[in-house]
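Descriptive analysis of the structure
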Amino acid sequence: MEDTRRERLLIYLTLCSLAWAALHTVTAFRNFVTLLDCAYSGFDRMSMALGAAYLTSLLGTGLLTRAAKSRTAAKVFMKFWAVCGLLVLGVALGGEGPLANLLLLPFGLLTPWFPLSWLREWVDVLPLHWGVFLLCLGEFLYYLRLCRREDKKGVPPDGPVDPGAATVE
């Protein structure tokens, strides 16, 4: 019973992660094109709706990782958010200038900066950098806590082991 529940949670986690990755790609590209528009007049409602869906899928991925007790997924996400945090920190500390603008394009597409750039309607660019960095830091610490929690419980990397299962050679 517990195995089928966990398998179902892992399937939901996979689907939610794929939705998150798809929303990241679509939202980042759409907001990047919007920012390049010469007649920029603000983000439309679709960009804001995609950004909200992105944040919702991000929340769902975190909750499903915790519910499925997947230490492997938690480690992958932890490394992803560590890299994202370092990239955003590099851009934020770079200030304004040609190097920062040059680095913003690849780093912005890889990190949540472009998917969350619709928030520029209400905040300036520099607070947005630090907000995205705090999001990356928070996600990193969340997944680090999940990894350590599972390590303390002694759960194997792929979840609990069925005591009745035998190995076949």
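Above this text sits the structure in question.
Below is a summary of the structure that appears in this document. (Residues numbered from 1 in each chain as written. Predicted model: local features only at pLDDT ≥ 70, side-chain atom pairs only at ≥ 80, totals over all residues. Heavy atoms only, no water.)

For the coordinates displayed, the defined rule picks out one cavity of 30 Å³ or more. Estimated volume of the largest cavity: approximately 30 Å³. The wall of the largest cavity is formed by Leu87, Val88, Val91, Leu104, Phe107, Gly108, Thr111, Trp113 and His129. Secondary-structure elements contributing two or more residues to the lining of the largest cavity are helix 3 (71-94) and helix 4 (98-110). The class makeup of the residues in the lining of the largest cavity is six nonpolar, three polar and no charged. (1 Å grid on protein atoms, 1.4 Å probe; cavity = no way out; pocket = protein on both sides within 12 Å on 5 of 7 lines; lining within 4 Å. Points joined across faces, edges and corners; volume = space filled by probe spheres on them. Helix = DSSP H or I, 4+ residues; strand = E, 2+ residues; numbered from the N terminus. Nonpolar A, V, L, I, M, F, W, Y, C, P; charged D, E, K, R; others polar.)

This part takes up helix 2 (residues 45-68). The first and last C-alpha atoms of helix 2 sit 34 Å apart over 24 residues, in line with the 34 Å expected at 1.5 Å per residue. Within helix 2 the residues assigned to the buried category are Ser47, Leu50, Gly51, Tyr54, Ser57, Leu58, Gly60, Thr61, Gly62, Leu64, Thr65 and Ala68. Positioned one or two residues after helix 2, lysine 69 has a phi angle of 55 degrees, which is positive. (Expected span 1.5 Å × (residues − 1). Buried < 20%, exposed > 50% of the residue type's maximum accessible area, 1.4 Å probe, protein only.)

The subject of this paragraph is the layout of surface pockets. Volume-wise, the largest pocket comes out at about 200 Å³. Looking at the largest pocket, it is lined by ten residues, and the ones nearest its centre are Phe32, Leu35, Leu36, Leu104 and Phe114. Counting residues per element, the ones that place at least two in the lining of the largest pocket are helix 1 (2-36) and helix 4. When grouped by side-chain class, the residues that make up the lining of the largest pocket number eight nonpolar, one polar and one charged.

Right, let's get into a nonpolar patch on the surface. Taken together, the side chains of Ile11, Tyr12, Leu15 and Leu18 make up a nonpolar region of the molecular surface, amounting to roughly 420 Å² of accessible area. Mapped onto the elements of the fold, leucine 18 is located in helix 1. (Patch = residues over 30% accessible without salt bridge, like charges linked within 9 Å, V, L, I, M, F, W, Y side chains within 5 Å. Areas by Shrake-Rupley, 256 points an atom, 1.4 Å probe, with all protein chains shown as cover. Salt bridge = Lys/Arg side-chain N within 4 Å of Asp/Glu carboxyl O.)

Turning our eyes to something else, we now look at the environment of leucine 104. Structurally, the position occupied by leucine 104 is in helix 4. For leucine 104, a relative accessible area of 18% corresponds to the buried category. Separated by ten residues in sequence, leucine 104 and glycine 94 have C-alpha atoms that sit 9.9 Å apart. If sequence neighbours within four positions are ignored, leucine 104 has contacts with Val91, Leu109, Trp113, Phe114 and His129. (Contact = heavy atoms within 4.5 Å.)

Let us look at the nonpolar core. In a soluble, globular protein the nonpolar side chains are often hidden away together inside. Core analysis: the largest hydrophobic core is formed by 33 residues, its most contacted members being Trp81, Val132 and Tyr143. Counting only elements with at least two residues in this core, the list comes to helix 1, helix 2, helix 3 and helix 5 (125-153). Sorting elements by how many residues they give to this core places helix 3 first, with eight residues. Aside from chain neighbours lying at most four places away, what touches tyrosine 143 is Thr61, Gly62, Thr65, Ala74, Phe77, Met78 and Trp81. (Core = buried A, V, L, I, M, F, W, Y, C linked by side-chain atoms within 4.5 Å.)

With that settled, the discussion passes to unusual backbone geometry. Within the chain, lysine 69 stands out as a residue other than glycine whose phi angle is a positive 55 degrees. Position of lysine 69 among the secondary structure elements: in the loop between helix 2 and helix 3. Residue classification places lysine 69 among the partly exposed residues on the basis of a relative accessible area of 36%.

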